[in-house]
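Geometric and topological summary
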Amino acid sequence: MATEVRYFGAWDYVVFAVMLCISAGIGLYYACTGGKQRTQKEFLMADKSMSIVPVTMSLLASFISAITVLGTPAEVYNNGTMFWNFALADGIAMVVVARLFVPTFYNLGLTSTYEYLEIRFSKPVRLLTTVVFMVNMLVYMGLVLYTPSLALNAVTGLTLWGAVAAVGVVCTFYTTLGGMKAVMWTDTFQIVVMVAGFLAVIIQGTIEVGGPARVWEINGQGERLEFFNFDPDPRIRHSSWGINVGGIFIWASVYGVNQAQVQRYLSCPSVKQAQRALYWNILGLVILISFAVVSGMVMYARYFMCDPKTIGAIDNSDQMMPYFVMDILGKYPGMPGLFTSCVFSGALSTMSSGLNALAAVALEDFVKPCFPNFSDEKYTWISKALAMFFGGLMILMAYVASFLGSVVQAALSLFGMVGGPMLGIFVLGMMFPCANKWGGLVGLLSSLFLTLWVGMGAIVWPRARWMPPVSIEGCPVDFPANGTANFTTISTMSTSMAEYSITTPAVDNGYPPEAALYELSYVWYGALATVTCVVVGLLVSFATGTQDPKKMDPKLFIPFYDRFFCCLPNSWLKWLRCGVPRRDEDSEAIDVKMSNAASNPTFLPDDEETKQNGEPTFTKGHGADIVENVTSL
């Protein structure tokens with residue numbers, strides 16, 4: 001246990017600066033080599049030429065944000081090892097995404113993921129999802145930039161706004177200059193830095209505690225070792241059912257339909273390579289989640305008899321990991337700087353992917369429909385200007401976050417609540433050919449309303465929940481808390497004192513009648529939203545007149561039953577397809593339609609507005625390459 005307050009030294013700033021310089025250098029390199037980011041395809045999609053390694057690393061880096069690096073070990077310290085089950089849920093989600101979503105998006109040749117929603121449903125559905133994505137991505141990026149800066153400033157003395165400005169400017173610089181290639185290769189470098197930071201913490205912490213066996217023993221005694229909990233109660237925060245079922249929906253929404261992730265695997269030269277990148281990503285996720293969980297276990301073994309938060313050494317759980325690093329590594333010059341680089345590498349990877357995705361979405365969904373006749377070079381310059389603009393907004397959002405106080409946690413939860421409705425609208429469109437535009441719009445709005453209501457209600461009216469105990473029985477006398485307070489005496493405190501959330505009201509009289517809904521674990525939000533969107537969307541579609549599946553382009557749908565139940569008789573499969581023809585069954589007719597529409601098509605399949613003489617029509621609009629790039633499923 002540390003008895004002195006340590007702060008950043010000169011070598012720590014040097015290590016941190018080197019990380020930023022290398023990241024900026026990669027962006028400068030790709031701005032001056034190859035095609036020099038002169039085309040939209042190169043700037044936004046890396047010319048569809050990226051190999052498996054950088055795509056895998058970039059997908060992985062986007063998952064590990066700075067909040068994850070700080071939050072996951074603190075989660076394990078406070079609540080135990082059930083979080084590790086997310087590694088299994090992530091793996092299953094990756095397989096589902098690779099098998100179902102990747103071929104569909106890749107074969108349609110779209111730049112903006114949400115362009116699909118206009119093709120399948122209507123423009124209002126597309127614009128609604130685009131706006132929701134952009135607002136939440138900007139809020140999240142601001143928090144990703146500000147939250148770790150604040151935590152590190154409180155514990156290490158790292159200059160708060162200096163770190164915010166430096167990291168924000170460097171990220172905007174290399175994303176604007178180097179495009180998607182720079183983003184992916186900096187992500188690859190940053191993954192190496194993150195792994196080095198985790199290993200330094202785990203190795204040194206384990207040595208100081210007394211070895212791996214001692215770490216395991218202490219966590220067992222402290223009720224932190226829990227890997228299976230098959231209680232079906234959906235109110236349990238982390239159960240095996242909740243994480244392994246609900247977690248699949250969470251991560252399918254992140255990797256399956258989020259623009260920042262889809263844009264990465266679409267940069268591969270083929271569907272097979274995009275799928276392999278996702279499969280290799282499973283291994284990387286398991287390793288990094290395991291590193292974060294083990295870091296939390298080592299941290300608990302260090303402080304199991306003297307909890308830093310209880311005695312006032314830190315203000316909140318976000319500061320646990322920086323406090324731990326300064327405790328065990330502060331005596332080694334440059335090592336705190338390495339961990340800080342690890343934290344901000346997570347921030348840079350998340351922010352750079354967000355900036356590139358926001359630029360792509362803004363260009364495709366807003367600029368091109370308004371200015372359809374610009375040259376490719378002009379569109380590329382506009383993309384770079386948009387990336388720079390969103391970089392400035394990101395830094396501004398970090399400043400706004402400094403005034404949010406406790407609302408920060410609410411905003412982070414808000415970001416998670418919209419993933420389920422996003423997944424739901426794509427599942428409705430890709431797996432249910434009978435759904436029409438009204439079903440899509442009402443289903444999306446209903447699921448957004450429900451998850452925001454339940455999620456925000458859980459924040460406003462929190463409930464008591466059990467937590468493993470902490471103790472301060474082993475704290476030394478005169479221990480400095482934050483370098484200011486001295487504990488001359490430490491009274492006996494029951495280790496069960498921290499078993500319940502200190503934010504929980506003492507009585508339930510003020511809870512509204514629907515408060516039982518707010519007890520639902522957050523891991524079920526994605527599943528709840530997806531099911532709500534699909535069910536409501538189908539009901540509204542049947543009430544307003546379903547889409548005729550026989551007149552729909554089969555490339556807009558996932559051939560779910562053909563891929564997962566291929567052993568069934570063909571007559572059964574034909575019935576399960578709901579009348580949507582397979583490519584090989586109706587190839588000649590579809591090829592004629594595609595050929596006639598190749599000039600500048602937008603497929604608008606809904607009834608009154610899009611049917612002429614009983615056939616689906618293509619009308620002038622955005623996305624001239626939608627049909628040209630389509631290949632058979």
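Structure: see above.
A quick note: this is a predicted structure, and the numbers were derived from the prediction, not measured.

What follows is about the side chain of T175. Here T175 shows up in helix α8 (residues 160-209). Residue class for T175 comes out buried when judged on its relative accessible area of 0%. Setting aside residues no more than four positions away along its own chain, T175 makes contact with F43, V183, S352, L355 and N356.

Here we take up the environment of V535. Among the secondary structure elements, V535 is positioned in helix α19 (residues 525-544). Overall, V535 belongs to the partly exposed group, its relative accessible area being 42%. With 96 residues separating them along the chain, V535 and G439 place their C-alpha atoms 9.3 Å apart.

Among the secondary structure elements, M422 is positioned in helix α17 (residues 419-431). Along the primary structure M422 and V254 are separated by 168 residues, whereas in three dimensions their C-alpha atoms are 9.4 Å apart. If near-sequence neighbours (up to four positions away) are discounted, M422 is found in contact with Y114, T129, V132, F133 and V257.

Let us now look at the pattern of salt bridges. A complete count under the given rule lists 12 salt bridges for this structure. R264 is the partner of D187 in a salt bridge, and the nearest nitrogen-oxygen pair spans 2.9 Å. One end of the pair, D187, is in helix α8; the other, R264, is in helix α11 (residues 259-265), with 77 residues separating them in the sequence. Across the pair R302 and D327 runs a salt bridge, and its minimum N-O distance is 3.0 Å. Residue R302 is found in helix α12 (residues 271-303), and its partner D327 is found in helix α13 (residues 320-329); the two are separated by 25 residues along the sequence. The class for D327 is buried, based on a relative accessible area of 6%.

Here the focus is the state of the cysteines. Under the defined criterion, the tally for this structure stands at 1 disulfide. Across the disulfide, C306 is cross-linked to C475 (sulfur-sulfur distance 1.8 Å). Residues C306 and C475 share a disulfide whose torsion about the S-S bond is about 105°; that sign makes it right-handed. Linking C306 in the loop between α12 and α13 with C475 in the loop between α18 (437-460) and β1 (479-481), this pair joins segments that are 169 residues apart in sequence. Taken as a pair, C306 and C475 share a single burial class, namely buried.

Rules and cut-offs
Residues numbered from 1 in each chain as written. Predicted model: local features only at pLDDT ≥ 70, side-chain atom pairs only at ≥ 80, totals over all residues. Heavy atoms only, no water. Helix = DSSP H or I, 4+ residues; strand = E, 2+ residues; numbered from the N terminus. Buried < 20%, exposed > 50% of the residue type's maximum accessible area, 1.4 Å probe, protein only. Contact = heavy atoms within 4.5 Å. Salt bridge = Lys/Arg side-chain N within 4 Å of Asp/Glu carboxyl O. Disulfide = S-S within 2.5 Å.

Interpretation in functional terms is not warranted from these geometric data alone.
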